[in-house]
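As a plain string of letters, each chain reads:
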Amino acid sequence: MVAAVIERRDEAALLDAAFRPVQAPGRWFWPLFVGLGALVAVAAVAYGYQLLTGLWVAGYSDSAFYGIYEANLVAFIGVSYGGALVSAVLRLTNARWRAPITRMAEAMALVSLLVGASFAIIHLGRPERIWQLIVSPQAASPIVWDVIAITTYLVATLIFLYLPLIPDLAVARDRLGPSAGRLRRTFYRVGAVGWNGTPAQRRSLNWSVGAIAILIIPLAITVHSVLAWAFSMTSRPGWHSTIYGPYFVIGALYSGVALVIVVVAAFRKAYRLERYIGLQHFASLARIMAILGAVYLYFTFSEMLTTGYVRTREEASIVAVLLEGSFAPAFWGFMLGGILLPIVLSLVPATRKVHYLVLAGVLAVVGMWLKRLLITLPSATAPLIGDAWGSVQFTWVAIVITLGATAAIPLGLMIIFRFVPILSLDEMSEADDEPGVGLAPKGSLQAEAVQ
Amino acid sequence: MIARNRNAAWVLRALAIVTVFVASLALATPSLAADPPARLQADAQQREDGSWMLRATVTRGGAVKSQETVLFLARVEFFGERWVPLGTAVTDAAGVASRLYSPTANGVQELIARFAASDGTFDSDPFEITVSGALPALSEEAPVLPIVRAWAFPVGAAILFLVWLMLAVIFLRAVIGIARPTSPQTSGCAPTRKGPVESSPQQPSSME
């Protein structure tokens, strides 16, 4: 009897926590919402200015035809794949500790994919011509492959977010009642598609969730490889590399896990989810991040060694500017701050605390963005004929659009979690039902979460 | 009288010395004299492989200039009308600088050669080349792989179709399987429980 009362009280607390952003987002929600929205709006104005005046206002020229936007495209889409893959892999490996963080990882995957894909249009001087990719595609073009791959992956990500959400939408339908407003109630009712939790419904859902978790892994790998091939199938020094596919995939995973750490930490703090998301969650994510970081380090070393050792004229010039030339401060800054330091912070026992692990995540995300710039800029500015290197100008237009895109990610997540539970209630209940598995409140995680 | 003659002799000697000095200085250091402006004559000849050999001859005062660096430029119109450097070449003993140029766009192109010296920058008269059958940048004729070429597109399209089909099946199976009318039966997990849930005291978020 007492156990049942405790269980029911825990369940009520879990529901309160999961619906906190929906029902009581807090008094800082709207100022933050307006602030982030203003940044996005300013970025939209800057894009309008770029449309009117031309791509040169973003620092582009004939001698620097790729720049900050391409780095943003790869970086934002990369973190999206990382978020989805983390959730899918942990789901397939039945890692029960994932339950409280999967919703945030999947939502992050969707929002960052939308933001990243928008750069495919932003970086075009004549964006209306993207229509030609659809009406008269050239099947041999990697750009066409990119459009197809990103579209396919966007649909898969939507399904991957939606399916595990169905039982939770049913909870929202039953719990919130008339206070939710007509539009929101309709959304919950339609979204829940009549979920009652019957065994037949459970079987259907489990089959589909398992299938999409399997499918999204090769999809994510393929899609980011295609994005890499858009670079490596170009005859430019620095890009024409056979390892770019896996190199990009590992980079995406590394930065994606890092951003999951940052996002989970932010929402955990904002909505007081410490009871459900503890140090162990961060430590587990950080271990995965450290392994991926080490693999990325290996790829970087391999790439530098092979191109630097053979020293064909064009490739050698790229290696030279990276290791000792004008890009050297950024490159070594990335190596130390973006790779080595996050690995150390993630693995050393003394720094196994939430704030250190979040710092490692932030460093990895920023470092990987810098790395995408280092992939893009030297090759895009290297001369193919003649000896004159181009240079990219970091103009206010490019910077404002980048800041606006960055702000769009937390803004999008705040909007999503105004409508859906931030914790995956269904999965947490399932995990809780398994003896010995438990969630943060019942195990060591609770004690660690206090730190 | 004798003294006056002696003074005149000294003056003449001094004038002679100054004259000889200035004359020898002028002869020994020709660079101090004003150089005539450099002249560049540039043209281009198409080669059998479709590329162009750009040539520029540098002369100054009728004499050819060797070991001088000449820059070739092309006029472009995108991102504003201007001269874009194509590359440099050094003049040989005959004063001729040669550089291979592989245009990547068809049509008429306007080029110049430029020579930068300590006393100024000298451009040749613009000259035009008419390009047809431009070479794609850094590519060579690749061998055609007929089997790969024939199968790549249909195989890729089939894989893409299968992926979309799987996405549709996954989505529809879940939605139809859940929406199909069945007798309500809770599975026992928290989210499926109907009715009001005993609410714990609302924890304020840190945003409050």
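Residues numbered from 1 in each chain as written. Chains lettered and ligands numbered in written order. Predicted model: local features only at pLDDT ≥ 70, side-chain atom pairs only at ≥ 80, totals over all residues.

K.L.:
I keep staring at the overall build of chain A and nothing clicks. Help me out?
P.N.:
Across its full length, chain A carries 18 helices and zero strands. Rg of the C-alpha trace for chain A: 23 Å, near the compact-globule value of 22 Å for 451 residues, within the 12% margin. Projected onto its principal axes, the C-alpha coordinates of chain A cover approximately 85 × 50 × 40 Å. Every one of the 451 residues in chain A was classed for burial, and the buried ones make up 50%. Counted over contacts in chain A with a minimum sequence separation of 6, partners at least 24 positions apart contribute 83%. (Helix = DSSP H or I, 4+ residues; strand = E, 2+ residues; numbered from the N terminus. Rg over C-alpha atoms; globule rule 2.2 N^0.38 Å. Buried ≥ 20, exposed ≤ 12 C-beta atoms within 10 Å, placed from the backbone. Contact = placed C-beta atoms within 7 Å.)

K.L.:
Whenever I open this one, the overall build of chain B confuses me. Can you help?
P.N.:
For chain B, the count of helices and strands is two helices and nine strands. Reading chain B from its N terminus to its C terminus gives the helix and strand order α-β-β-β-β-β-β-β-β-β-α. Residue burial in chain B is summarised as follows: out of 208 residues, 15% are buried. By sequence separation, contacts in chain B at least 24 residues apart represent 54% of the contacts at least 6 residues apart.

K.L.:
In this structure, what is going on with the pairing of strand 4 (residues 69-76) of chain B? I would like to understand it.
P.N.:
Consecutive residues of a regular strand have side chains that alternate between opposite faces of the sheet. Residue and element names in this part refer to chain B. The pairing of strand 4 with strand 5 (residues 82-90) spans eight bridges and is classified as antiparallel. By the bridge assignment, Val76 is partnered in strand 5 with Arg82. Inspection of the sheet shows strand 4 paired to strand 7 (residues 107-117) by five bridges, in the antiparallel sense. What sits directly across from Leu71, in strand 7, is Arg114. (Pairing = 2+ DSSP bridges.)

K.L.:
Got a minute to help me understand the packing of helix 4 (residues 68-92) of chain A against helix 11 (residues 244-270) of chain A in this structure?
P.N.:
The description of two helices packed together rests on the angle between their axes and the distance between the axes. All names here are of chain A. Closest axis-to-axis distance for the helix 4/helix 11 pair is 6 Å, and the angle between their directions is 75°. By the angle between their axes, helix 4 is roughly perpendicular relative to helix 11. Across from Ala75, Gly78, Val79, Ser80, Tyr81, Gly82, Gly83, Leu85 and Val86 in helix 4, the residues of helix 11 making contact are Gly251, Ala252, Leu253, Ser255, Gly256, Val257, Leu259 and Val260. In terms of residue class, the contact of helix 4 with helix 11 is built from 10 nonpolar, seven polar and no charged. (Axes fitted to C-alpha atoms, helices over the stretch in contact; angles between N-to-C directions. Parallel < 35°, antiparallel > 145°, perpendicular 65-115°, else oblique. Nonpolar A, V, L, I, M, F, W, Y, C, P; charged D, E, K, R; others polar.)

K.L.:
Before we go on, may I ask you to explain the domain arrangement of chain B in this structure?
P.N.:
The accessible area lost on association of the parts is a frequent measure of interface size. Domain annotation of chain B identifies domain 1 (38-131) and domain 2 (144-175). On a C-alpha basis, the centres of domain 1 of chain B and domain 2 of chain B stand 52 Å from each other. (Domains from an automatic or database assignment.)

K.L.:
Just checking my understanding: could you explain the packing of helix 10 (residues 199-232) of chain A against helix 2 (residues 146-179) of chain B for this structure?
P.N.:
At a minimum axis distance of 8 Å, the contact between helix 10 of chain A and helix 2 of chain B shows a crossing angle of 160°. Relative to helix 2 of chain B, helix 10 of chain A is oriented roughly antiparallel. For the pair helix 10 of chain A and helix 2 of chain B, the sense of crossing is left-handed. Residues Ala200(A), Gln201(A), Ser204(A), Leu205(A), Trp207(A), Ser208(A), Ala211(A), Ile212(A), Leu215(A) and Leu219(A) of helix 10 of chain A lie in contact with helix 2 of chain B, whose contacting residues are Val163(B), Met166(B), Ile170(B), Arg173(B), Ala174(B), Gly177(B) and Ile178(B). Its residues assigned to classes, the contact of helix 10 of chain A with helix 2 of chain B comprises 12 nonpolar, four polar and one charged. (Left-handed = near helix turned anticlockwise from the far one by under 90°.)

K.L.:
Looking at this structure, I do not really get the pairing of strand 2 (residues 52-60) of chain B. What am I missing?
P.N.:
All names here are of chain B. With nine bridges connecting them, strand 1 (residues 38-46) and strand 2 associate as antiparallel partners. Counterpart to Leu40 in the pairing with strand 2 is Val58. Remark: five residues form the turn of the hairpin made by strand 1 and strand 2, two consecutive strands paired antiparallel; Gly50 in that turn has positive phi of roughly 95°. Sheet topology places strand 2 next to strand 6 (residues 96-101); six bridges connect them, and they run antiparallel. Each residue of the ladder has a partner; that of Leu54, found in strand 6, is Arg99.

K.L.:
Mind showing me how you'd approach the environment of Arg418(A) here?
P.N.:
Residues and elements named next belong to chain A. Looking at where Arg418 falls in the secondary structure, it is placed in helix 16 (residues 396-419). Each C-alpha atom, one on Arg418 and one on Ser326, is 46 Å from the other, the two residues being 92 residues apart in sequence. Leave out the neighbours within four places in its chain, and Arg418 touches Pro21, Val22 and Pro25.

K.L.:
Looking at this structure, how should I read the nonpolar core?
P.N.:
Side chains that are nonpolar tend, in soluble globular proteins, to be buried together. Ranked by size, the top nonpolar core spans 154 residues in total, and within it Met108(A), Tyr254(A), Val257(A), Val260(A), Ile261(A) and Met289(A) carry the most contacts. In terms of nonpolar packing, the next biggest core, distinct from the first, is built from 16 residues, Ala42(B), Leu71(B), Ala97(B) and Phe115(B) among them. (Core = buried A, V, L, I, M, F, W, Y, C linked by C-beta atoms within 7 Å.)

K.L.:
Would you mind showing me how to read helix 2 of chain B here?
P.N.:
An ideal rise of 1.5 Å per residue puts 50 Å on 34 residues; helix 2 of chain B measures up with 50 Å between its terminal C-alpha atoms. Taking the largest bend as the criterion, helix 2 of chain B deviates by roughly 35°, centred on Ala152(B), and proline Pro154(B) comes between one and four positions later. Within helix 2 of chain B the residues assigned to the buried category are Val163(B), Leu167(B), Ile170(B), Ala174(B) and Ile178(B). Contacts from the buried residues of helix 2 of chain B go to helix 7 (142-162), helix 8 (166-176) and helix 10 of chain A. (Expected span 1.5 Å × (residues − 1). Bend = angle between axes of the 7 residues up to and from the residue.)

K.L.:
I would appreciate a short explanation of unusual backbone geometry in the present structure.
P.N.:
A negative phi angle is the norm for most residues apart from glycine, just as the trans form is the norm for most peptide bonds. All names here are of chain A. Even without being a glycine, Asn94 presents a positive backbone phi close to 60°. Examined against the element boundaries, Asn94 turns out to sit in the loop between helix 4 and helix 5 (99-122). Despite not being glycine, Arg272 has its phi angle at roughly 50°, a positive value. Looking at the element boundaries, Arg272 is found in the loop between helix 11 and helix 12 (279-310).

K.L.:
Sorry if this is basic, but what is going on with the environment of Ala75(A) here?
P.N.:
Residues and elements named next belong to chain A. As for its position among the elements, Ala75 is in helix 4. Residue classification places Ala75 among the buried positions, given that 29 C-beta atoms sit within 10 Å. Placed 26 residues apart in sequence, Ala75 and Ile101 show a C-alpha to C-alpha distance of 21 Å. Setting aside residues up to four positions removed in sequence, Ala75 forms contacts with Ser255, Met368, Trp369 and Arg372.

K.L.:
I'm lost on the confidence of the model for chain A in this one. Help?
P.N.:
Interpreting fine coordinate detail is not advised for predicted regions of low pLDDT. When pLDDT is averaged across chain A, the result is 88; 93% of the residues are at 70 or more. Below pLDDT 50 for its whole length, residues 435-451 of chain A participates in 37 contacts with residues either more than four positions away or in separate chains. (pLDDT = per-residue confidence, 0-100.)

K.L.:
Is there a simple way to explain the environment of Val22(A) in this structure?
P.N.:
All names here are of chain A. On the secondary structure map, Val22 appears in helix 2 (residues 20-23). You can call Val22 partly exposed: it has 18 C-beta atoms within 10 Å. Residues Val22 and Ile422 lie 400 residues apart in sequence; the distance between their C-alpha atoms is 8.6 Å. Excluding residues that lie within four positions of it along the chain, Val22 makes contacts with Arg418, Phe419 and Pro421.

K.L.:
Just to check I follow, could you spell out the confidence of the model for chain B for this structure?
P.N.:
Residue and element names in this part refer to chain B. Confidence in the prediction of chain B, expressed as mean pLDDT, is 78, and 72% of residues score 70 or more. Per-element confidence in chain B is highest for strand 2, whose mean pLDDT is 93, and lowest for helix 1 (residues 2-28), whose mean pLDDT is 68. Scored below 50 in pLDDT, residues 185-208 shows 67 contacts in the model against residues more than four places distant or in partner chains. Per the prediction output, this complex has pTM 0.74; the corresponding ipTM is 0.82.

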